Amino acid sequence: MVQCQPELDRTFAALADPTRRGILGRLGEGSATITELAEPFEMSLTGLKKHVRVLEDVELVTTEKVGRARRCTLGPRRLEDAQRWIETYRQMLEGRLDRFGELLERTKGEPQ
């Protein structure tokens with residue numbers, strides 16, 4: 001079984017919030033300022049900055065001061081650690097389902 005690492009825990013905690021997932025989705029289309037990111041969420045700039053900071057802490061987002069605005073882009077981490085963790089459990093589940101299917105085939109036609 002895969003042991004959880006603090007970094008992975010922080011990544012999943014950051015992704016647990018729908019606003020932060022929305023921010024990542026928007027940044028997948030290209031960079032945006034804090035103001036641009038806040039508009040669809042009808043959220044204050046201060047509130048959105050807090051969400052961006054959480055994403056920055058786990059390196060999913062980077063920000064850069066450009067003039068008076070702060071421009072956000074997707075960060076250097078691309079969720080590889082979370083993807084590996086999910087893949088491990090997907091493979092384990094598929095193995096269990098395969099064994100269950102084999103058991104069903106072996107017991108097919110036996111009296112109950």
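Residues numbered from 1 in each chain as written. Predicted model: local features only at pLDDT ≥ 70, side-chain atom pairs only at ≥ 80, totals over all residues. Heavy atoms only, no water.

Participant: So what's going on with the packing of aromatic side chains? Residues and values would help.
Facilitator: With the rule as written, the count across this model stands at 2 aromatic pairs. Relative to W85, the ring of F12 lies with its centre 5.3 Å away and its plane at 65°, an arrangement referred to as edge-to-face. In this pair, F12 is assigned in helix α1 (residues 6-15) and W85 in helix α5 (residues 80-107), connecting sequence segments 73 residues apart. Assessed through its relative accessible area of 25%, W85 is described here as partly exposed. Here W85 and Y89 contribute two aromatic rings whose centre-to-centre distance is 4.7 Å and whose plane-to-plane angle is 45°, an arrangement assigned as tilted. Here the residue W85 and the residue Y89 both occupy positions in helix α5, the gap between them amounting to 4 residues, near one helical turn. A network of ring pairs unites the aromatic residues F12, W85 and Y89 as a single cluster. (Phe/Tyr/Trp six-rings, centres within 6.5 Å; stacked < 30°, edge-to-face > 60°. Helix = DSSP H or I, 4+ residues; strand = E, 2+ residues; numbered from the N terminus. Buried < 20%, exposed > 50% of the residue type's maximum accessible area, 1.4 Å probe, protein only.)

Participant: Can you explain the packing of helix α2 (residues 18-27) against helix α4 (residues 45-57)? Please cite residues and give values.
Facilitator: In contact at an axis separation of 10 Å, α2 and α4 are set at 75° when each is read in the N-to-C sense. Here α4 runs roughly perpendicular to α2, going by the angle between their axes. Contact with α2, carried on its side by T19, R20, I23 and L24, involves L48, H51, V52, V54 and L55 of α4 and no other residues of that element. (Axes fitted to C-alpha atoms, helices over the stretch in contact; angles between N-to-C directions. Parallel < 35°, antiparallel > 145°, perpendicular 65-115°, else oblique. Contact = heavy atoms within 4.5 Å.)

Participant: So what's going on with the sheet that holds strand β2 (residues 61-66)? Which residues, and what values?
Facilitator: The antiparallel open sheet is built from 3 strands, whose spatial order is β1-β3-β2. Each having just a single partner strand, β1 (32-33) and β2 make up the two edges of the open sheet. Direction of pairing for β1 relative to strand β3 (residues 69-74): antiparallel, over a ladder of 2 bridges. Bridged to T33 within β3 is R71. In this fold α2 packs onto β1, β2 and β3, with an angle of close to 85° to the strand it touches most, β3. Sheet contacts for α4: β2 and β3; angle to β2, the most-contacted strand, approximately 120°. (Pairing = 2+ DSSP bridges.)

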